[in-house]
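# Chains, contacts and geometry: an overview
Read off the chains here:
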Amino acid sequence: MKRPGKKAATDRSFVVALSRGLEVLRAFRPNDGLLGNQEIAARTNLPKPTVSRLTYTLTKLGYLTPVPRFEKYQLAPAAMALGYAALANLGVRQLSEPFREQLMRETGGAVAIGARDRLSMIYFGQSRNGVVNVQLDVGSRIPIATTAMGRAFIWALPDDERVALLRELREHYGSRWPKMRNGIERSAETVAKYGFAISAGEWQDDVHAVGVALKLNDGTGPYAFNCGAPAFRFTEERLRNDIGPRLVAMVRNIEAALGGMALPTNQSNKDNNKKPKPGGKVARVAEGIR
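Residues numbered from 1 in each chain as written. Predicted model: local features only at pLDDT ≥ 70, side-chain atom pairs only at ≥ 80, totals over all residues. Heavy atoms only, no water.

The strand order β5-β4-β3-β8-β7-β6 describes an open sheet built from six strands, whose pairing is antiparallel. Looking at strand neighbours, the two that pair on one side only are β5 (141-143) and β6 (197-200), the edges of this open sheet. Adjacent strand axes in the sheet meet at a mean angle of 30°, parallel and antiparallel pairs treated alike. Two strands pair when backbone bridges link them, and strand β4 (residues 120-127) and β5 are joined in this way by three bridges, in the antiparallel orientation. Bridge assignment links S120 to a residue of β5, and that residue is P143. Here helix α6 (residues 91-107) sits on the sheet in contact with β3 (110-117), β4, β7 (207-214) and β8 (223-230), set at roughly 75° to β4. (Pairing = 2+ DSSP bridges. Helix = DSSP H or I, 4+ residues; strand = E, 2+ residues; numbered from the N terminus. Axes fitted to C-alpha atoms, helices over the stretch in contact; angles between N-to-C directions. Contact = heavy atoms within 4.5 Å.)

With that settled, consider helix α8 (residues 159-173). Its 15 residues place the ends of α8 21 Å apart at the C-alpha level, agreeing with the 21 Å of an ideal helix rising 1.5 Å per residue. Of all the positions in α8, only R162, V163, L165, L166, L169 and Y173 are classed as buried. Along the long axis of α8, the arc covered by the buried residues comes to 165°, so they all point the same way. In α8, the exposed positions angled more than 90 degrees off the buried face are occupied by D160 and E171. (Expected span 1.5 Å × (residues − 1). Buried < 20%, exposed > 50% of the residue type's maximum accessible area, 1.4 Å probe, protein only. Arc of directions from axis to C-beta.)

With that settled, the discussion passes to a nonpolar patch on the surface. Together, V15, L18 and L22 make up a nonpolar patch on the protein surface, roughly 280 Å² of accessible area in all. Turning to its location among the elements, V15 is positioned in the loop between α1 (6-9) and α2 (16-26). (Patch = residues over 30% accessible without salt bridge, like charges linked within 9 Å, V, L, I, M, F, W, Y side chains within 5 Å. Areas by Shrake-Rupley, 256 points an atom, 1.4 Å probe, with all protein chains shown as cover. Salt bridge = Lys/Arg side-chain N within 4 Å of Asp/Glu carboxyl O.)

Moving on, we come to the pattern of salt bridges. This structure, assessed with the given rule, holds 14 salt bridges. For D117, the salt bridge identified is with R26, shortest N-O distance 3.1 Å. Highlighted residues: D117 in strand β3 and R26 in helix α2, separated in sequence by 91 residues. A residue is classified by how much of its surface remains accessible, and D117, at 14% relative accessible area, is buried. For R26, a relative accessible area of 24% corresponds to the partly exposed category. Between E39 and K72 there is a salt bridge whose closest N-O contact spans 3.4 Å.

Let us now look at the nonpolar core. Core analysis: the biggest nonpolar cluster contains 27 residues, and V210, L214, Y223, F225, C227, L247 and M250 have the highest contact counts within it. Within the residue set of this core, elements represented by two or more residues are α6, β3, β6, β7, β8 and α10 (236-258). Membership of the second largest hydrophobic core comes to 22 residues, among which are L136, I184, A188 and A224. (Core = buried A, V, L, I, M, F, W, Y, C linked by side-chain atoms within 4.5 Å.)

This prediction gives the protein a mean pLDDT of 86; 83% of its residues lie at or above 70. At the low end of the mean pLDDT range in the protein sits helix α11 (residues 265-272), at 40; at the high end sits helix α7 (residues 148-154), at 98. The low-confidence segment residues 260-279, where pLDDT is below 50, has 25 contacts with residues more than four positions distant or belonging to other chains. (pLDDT = per-residue confidence, 0-100.)

The subject of this paragraph is the packing of aromatic side chains. All chains considered together, the criterion is met by two aromatic pairs. Aromatic side chains F124 and Y223 sit 5.5 Å apart centroid to centroid with 70° between the ring planes, which places their arrangement in the edge-to-face category. Separated by 99 residues along the polypeptide, F124 in strand β4 and Y223 in strand β8 bring together distant segments of the chain. Accessibility assignment for this pair places F124 and Y223 in one class, buried. Geometrically, the ring pair formed by Y194 and F196 is stacked, given 5.7 Å between the ring centres and 25° between the ring planes. The class for F196 is buried, based on a relative accessible area of 1%. (Phe/Tyr/Trp six-rings, centres within 6.5 Å; stacked < 30°, edge-to-face > 60°.)

This is how it looks when you write it as C-alpha coordinates:
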(Lines give C-alpha, C1' and ligand atoms only; values in the text may rest on other atoms or scores of the structure.)
Protein backbone atom coordinates (compact mmCIF):
# COMPACT_ATOMS: atom_id res chain seq x y z
CA MET A 1 0.00 0.00 0.00
CA LYS A 2 1.10 3.55 -0.67
CA ARG A 3 1.50 6.22 1.96
CA PRO A 4 -0.60 9.38 1.55
CA GLY A 5 0.67 11.31 -1.46
CA LYS A 6 2.13 14.80 -1.37
CA LYS A 7 -1.21 16.44 -2.08
CA ALA A 8 -2.90 14.62 0.81
CA ALA A 9 0.04 15.19 3.15
CA THR A 10 -0.07 18.97 2.57
CA ASP A 11 -3.87 19.22 2.76
CA ARG A 12 -4.63 20.93 6.08
CA SER A 13 -7.93 19.06 6.32
CA PHE A 14 -6.27 15.67 5.85
CA VAL A 15 -5.54 13.81 9.11
CA VAL A 16 -2.44 11.70 8.41
CA ALA A 17 -2.60 9.83 11.74
CA LEU A 18 -6.16 8.72 11.00
CA SER A 19 -5.23 7.59 7.49
CA ARG A 20 -2.38 5.52 8.89
CA GLY A 21 -4.63 3.89 11.46
CA LEU A 22 -7.07 2.93 8.74
CA GLU A 23 -4.20 1.53 6.66
CA VAL A 24 -3.40 -0.80 9.55
CA LEU A 25 -7.00 -2.07 9.61
CA ARG A 26 -6.95 -2.49 5.83
CA ALA A 27 -3.88 -4.69 6.11
CA PHE A 28 -6.06 -7.52 7.44
CA ARG A 29 -7.50 -9.60 4.62
CA PRO A 30 -10.06 -12.43 4.53
CA ASN A 31 -8.61 -15.68 5.87
CA ASP A 32 -5.50 -13.90 7.20
CA GLY A 33 -6.04 -14.81 10.82
CA LEU A 34 -3.29 -13.14 12.85
CA LEU A 35 -0.83 -10.43 11.80
CA GLY A 36 2.20 -9.10 13.65
CA ASN A 37 3.62 -5.58 13.57
CA GLN A 38 6.32 -6.62 11.12
CA GLU A 39 3.78 -8.08 8.68
CA ILE A 40 1.56 -5.02 8.99
CA ALA A 41 4.53 -2.73 8.39
CA ALA A 42 5.40 -4.65 5.21
CA ARG A 43 1.84 -4.40 3.90
CA THR A 44 1.36 -0.73 4.69
CA ASN A 45 4.88 0.59 4.01
CA LEU A 46 4.76 2.28 7.40
CA PRO A 47 7.74 2.26 9.80
CA LYS A 48 7.52 -0.51 12.35
CA PRO A 49 7.67 1.91 15.36
CA THR A 50 4.70 3.77 13.87
CA VAL A 51 2.84 0.50 13.37
CA SER A 52 3.53 -0.48 16.99
CA ARG A 53 1.95 2.76 18.26
CA LEU A 54 -1.01 2.37 15.93
CA THR A 55 -1.72 -1.24 16.88
CA TYR A 56 -1.49 -0.26 20.56
CA THR A 57 -3.98 2.57 20.02
CA LEU A 58 -6.35 0.42 17.95
CA THR A 59 -6.22 -2.23 20.65
CA LYS A 60 -7.18 0.34 23.29
CA LEU A 61 -10.06 1.50 21.09
CA GLY A 62 -11.31 -2.05 20.64
CA TYR A 63 -10.60 -2.42 16.91
CA LEU A 64 -7.81 -4.98 17.34
CA THR A 65 -7.47 -7.90 19.72
CA PRO A 66 -3.92 -8.80 20.82
CA VAL A 67 -2.84 -12.43 20.92
CA PRO A 68 0.15 -12.27 23.31
CA ARG A 69 1.20 -15.88 22.78
CA PHE A 70 2.11 -15.14 19.16
CA GLU A 71 2.78 -11.39 19.55
CA LYS A 72 0.18 -10.73 16.88
CA TYR A 73 -3.25 -9.17 16.42
CA GLN A 74 -6.61 -9.99 14.91
CA LEU A 75 -9.55 -7.78 14.00
CA ALA A 76 -11.85 -7.24 16.96
CA PRO A 77 -15.67 -7.22 16.84
CA ALA A 78 -15.71 -3.39 16.73
CA ALA A 79 -13.82 -3.42 13.42
CA MET A 80 -16.02 -6.14 12.00
CA ALA A 81 -19.11 -4.19 13.05
CA LEU A 82 -18.03 -1.37 10.70
CA GLY A 83 -17.93 -3.79 7.80
CA TYR A 84 -21.32 -5.29 8.60
CA ALA A 85 -22.82 -1.81 8.96
CA ALA A 86 -21.48 -0.88 5.53
CA LEU A 87 -22.94 -4.05 4.01
CA ALA A 88 -26.30 -3.38 5.63
CA ASN A 89 -26.39 0.09 4.09
CA LEU A 90 -25.79 -1.26 0.57
CA GLY A 91 -29.37 -1.77 -0.54
CA VAL A 92 -28.19 -3.04 -3.92
CA ARG A 93 -26.69 -6.07 -2.19
CA GLN A 94 -29.98 -7.19 -0.66
CA LEU A 95 -32.12 -6.32 -3.66
CA SER A 96 -29.81 -8.11 -6.10
CA GLU A 97 -29.67 -11.36 -4.13
CA PRO A 98 -32.73 -13.10 -5.66
CA PHE A 99 -31.57 -12.06 -9.14
CA ARG A 100 -28.09 -13.45 -8.44
CA GLU A 101 -29.49 -16.67 -7.03
CA GLN A 102 -31.70 -17.20 -10.08
CA LEU A 103 -28.83 -16.63 -12.54
CA MET A 104 -26.62 -18.97 -10.53
CA ARG A 105 -29.23 -21.73 -10.83
CA GLU A 106 -29.79 -21.10 -14.54
CA THR A 107 -26.12 -21.04 -15.55
CA GLY A 108 -24.32 -23.10 -12.90
CA GLY A 109 -21.85 -20.24 -12.43
CA ALA A 110 -20.91 -18.09 -9.45
CA VAL A 111 -22.50 -14.64 -9.52
CA ALA A 112 -21.10 -11.72 -7.54
CA ILE A 113 -21.40 -7.96 -7.13
CA GLY A 114 -18.41 -5.79 -6.32
CA ALA A 115 -17.17 -2.24 -5.94
CA ARG A 116 -13.81 -0.60 -6.44
CA ASP A 117 -11.22 -0.56 -3.68
CA ARG A 118 -8.11 1.16 -5.07
CA LEU A 119 -6.81 -1.11 -7.84
CA SER A 120 -9.08 -4.01 -6.94
CA MET A 121 -12.74 -4.90 -6.98
CA ILE A 122 -14.01 -6.12 -3.62
CA TYR A 123 -16.94 -8.54 -3.40
CA PHE A 124 -19.82 -7.47 -1.18
CA GLY A 125 -22.33 -10.00 -2.45
CA GLN A 126 -21.78 -13.54 -3.73
CA SER A 127 -24.05 -16.37 -4.90
CA ARG A 128 -22.54 -19.75 -5.64
CA ASN A 129 -23.28 -23.44 -5.24
CA GLY A 130 -21.08 -26.33 -4.25
CA VAL A 131 -20.55 -27.38 -7.85
CA VAL A 132 -18.60 -24.25 -8.79
CA ASN A 133 -15.00 -24.39 -7.61
CA VAL A 134 -14.52 -20.64 -7.21
CA GLN A 135 -12.93 -19.87 -3.85
CA LEU A 136 -14.15 -16.29 -3.46
CA ASP A 137 -16.55 -14.84 -0.93
CA VAL A 138 -17.70 -11.52 0.51
CA GLY A 139 -14.59 -9.44 1.21
CA SER A 140 -12.50 -11.13 -1.48
CA ARG A 141 -10.53 -8.89 -3.83
CA ILE A 142 -9.87 -9.39 -7.52
CA PRO A 143 -7.76 -7.17 -9.80
CA ILE A 144 -9.49 -4.52 -11.87
CA ALA A 145 -7.22 -4.80 -14.91
CA THR A 146 -7.58 -8.47 -15.80
CA THR A 147 -11.06 -9.47 -14.62
CA ALA A 148 -14.42 -9.18 -16.34
CA MET A 149 -15.91 -7.38 -13.33
CA GLY A 150 -13.05 -4.89 -13.25
CA ARG A 151 -13.15 -4.19 -16.96
CA ALA A 152 -16.90 -3.65 -16.93
CA PHE A 153 -16.37 -1.19 -14.07
CA ILE A 154 -13.64 0.68 -15.98
CA TRP A 155 -15.89 1.39 -18.94
CA ALA A 156 -18.77 2.53 -16.73
CA LEU A 157 -16.70 5.37 -15.26
CA PRO A 158 -16.89 8.99 -16.45
CA ASP A 159 -14.05 9.78 -18.86
CA ASP A 160 -11.92 11.74 -16.39
CA GLU A 161 -12.18 9.09 -13.67
CA ARG A 162 -11.40 6.34 -16.18
CA VAL A 163 -8.27 8.08 -17.42
CA ALA A 164 -7.06 8.64 -13.85
CA LEU A 165 -7.63 4.97 -12.96
CA LEU A 166 -5.87 3.73 -16.09
CA ARG A 167 -2.85 5.89 -15.26
CA GLU A 168 -2.76 4.42 -11.76
CA LEU A 169 -2.88 0.93 -13.24
CA ARG A 170 -0.09 1.75 -15.70
CA GLU A 171 2.14 3.06 -12.92
CA HIS A 172 1.38 0.06 -10.71
CA TYR A 173 1.96 -2.70 -13.24
CA GLY A 174 4.92 -1.23 -15.12
CA SER A 175 6.23 -3.64 -17.77
CA ARG A 176 3.14 -5.84 -17.44
CA TRP A 177 0.86 -2.97 -18.38
CA PRO A 178 0.92 -3.16 -22.23
CA LYS A 179 -0.61 -6.67 -22.24
CA MET A 180 -3.22 -5.65 -19.66
CA ARG A 181 -4.01 -2.48 -21.60
CA ASN A 182 -4.70 -4.52 -24.73
CA GLY A 183 -7.23 -6.63 -22.82
CA ILE A 184 -8.91 -3.51 -21.44
CA GLU A 185 -9.13 -2.00 -24.91
CA ARG A 186 -10.68 -5.18 -26.31
CA SER A 187 -13.22 -5.16 -23.50
CA ALA A 188 -14.29 -1.64 -24.50
CA GLU A 189 -15.46 -3.02 -27.82
CA THR A 190 -17.45 -5.89 -26.30
CA VAL A 191 -19.01 -3.54 -23.73
CA ALA A 192 -20.02 -1.10 -26.48
CA LYS A 193 -21.38 -3.83 -28.75
CA TYR A 194 -22.86 -6.36 -26.33
CA GLY A 195 -23.05 -4.66 -22.94
CA PHE A 196 -20.59 -6.99 -21.17
CA ALA A 197 -16.86 -7.52 -20.72
CA ILE A 198 -15.08 -10.87 -20.99
CA SER A 199 -12.06 -12.30 -19.20
CA ALA A 200 -11.14 -15.76 -20.49
CA GLY A 201 -8.13 -17.03 -18.60
CA GLU A 202 -6.54 -13.58 -18.31
CA TRP A 203 -6.82 -13.41 -14.54
CA GLN A 204 -6.55 -17.10 -13.75
CA ASP A 205 -5.89 -19.64 -16.48
CA ASP A 206 -8.79 -21.89 -15.52
CA VAL A 207 -11.44 -19.21 -14.87
CA HIS A 208 -13.72 -17.66 -17.49
CA ALA A 209 -16.20 -14.89 -16.68
CA VAL A 210 -18.32 -12.05 -18.00
CA GLY A 211 -18.88 -8.71 -16.27
CA VAL A 212 -21.58 -6.04 -16.46
CA ALA A 213 -21.63 -2.64 -14.78
CA LEU A 214 -24.51 -1.35 -12.68
CA LYS A 215 -25.19 2.39 -12.91
CA LEU A 216 -27.40 4.18 -10.41
CA ASN A 217 -28.73 7.73 -10.35
CA ASP A 218 -28.25 8.28 -6.60
CA GLY A 219 -24.58 9.26 -6.80
CA THR A 220 -23.25 5.87 -5.66
CA GLY A 221 -21.28 3.37 -7.68
CA PRO A 222 -20.86 2.35 -10.35
CA TYR A 223 -20.82 -1.25 -9.21
CA ALA A 224 -20.23 -4.33 -11.32
CA PHE A 225 -21.47 -7.91 -11.46
CA ASN A 226 -19.75 -10.98 -12.79
CA CYS A 227 -20.73 -14.53 -13.61
CA GLY A 228 -17.87 -17.01 -13.77
CA ALA A 229 -16.99 -20.66 -13.69
CA PRO A 230 -14.12 -23.01 -14.57
CA ALA A 231 -13.08 -22.64 -18.21
CA PHE A 232 -14.38 -26.05 -19.24
CA ARG A 233 -17.88 -25.05 -18.09
CA PHE A 234 -17.92 -21.54 -19.55
CA THR A 235 -16.29 -21.69 -22.97
CA GLU A 236 -15.65 -18.39 -24.74
CA GLU A 237 -18.50 -19.16 -27.13
CA ARG A 238 -20.88 -19.72 -24.24
CA LEU A 239 -19.69 -16.56 -22.51
CA ARG A 240 -20.47 -14.50 -25.59
CA ASN A 241 -23.71 -16.13 -26.71
CA ASP A 242 -25.34 -17.25 -23.46
CA ILE A 243 -23.84 -16.11 -20.15
CA GLY A 244 -23.10 -12.52 -21.21
CA PRO A 245 -26.62 -11.73 -22.49
CA ARG A 246 -28.15 -13.33 -19.39
CA LEU A 247 -26.00 -11.19 -17.09
CA VAL A 248 -26.86 -8.03 -19.03
CA ALA A 249 -30.57 -8.79 -18.70
CA MET A 250 -30.18 -9.45 -14.98
CA VAL A 251 -28.37 -6.17 -14.34
CA ARG A 252 -30.85 -4.15 -16.40
CA ASN A 253 -33.67 -5.67 -14.32
CA ILE A 254 -31.86 -4.73 -11.12
CA GLU A 255 -31.35 -1.17 -12.38
CA ALA A 256 -35.05 -0.92 -13.13
CA ALA A 257 -35.92 -2.25 -9.68
CA LEU A 258 -33.60 0.28 -8.06
CA GLY A 259 -34.90 3.15 -10.18
CA GLY A 260 -31.55 3.35 -11.94
CA MET A 261 -30.45 4.39 -15.37
CA ALA A 262 -31.53 1.39 -17.45
CA LEU A 263 -32.40 2.21 -21.05
CA PRO A 264 -35.69 1.06 -22.59
CA THR A 265 -35.28 -2.40 -24.11
CA ASN A 266 -35.60 -1.26 -27.73
CA GLN A 267 -33.06 1.54 -27.25
CA SER A 268 -30.65 -0.75 -25.39
CA ASN A 269 -30.75 -3.33 -28.19
CA LYS A 270 -30.28 -0.62 -30.78
CA ASP A 271 -27.21 0.70 -29.02
CA ASN A 272 -25.76 -2.77 -28.49
CA ASN A 273 -25.84 -3.40 -32.24
CA LYS A 274 -23.67 -0.38 -32.96
CA LYS A 275 -20.04 -1.12 -33.62
CA PRO A 276 -17.40 1.24 -32.19
CA LYS A 277 -15.91 3.37 -34.93
CA PRO A 278 -12.13 3.19 -35.45
CA GLY A 279 -10.48 6.22 -33.90
CA GLY A 280 -13.58 6.96 -31.87
CA LYS A 281 -14.03 7.61 -28.16
CA VAL A 282 -12.56 4.28 -27.06
CA ALA A 283 -9.42 4.80 -29.12
CA ARG A 284 -8.97 8.34 -27.81
CA VAL A 285 -9.24 7.26 -24.19
CA ALA A 286 -6.89 4.32 -24.73
CA GLU A 287 -4.37 6.56 -26.46
CA GLY A 288 -4.11 8.60 -23.26
CA ILE A 289 -2.86 5.59 -21.27
CA ARG A 290 -0.14 4.35 -23.57
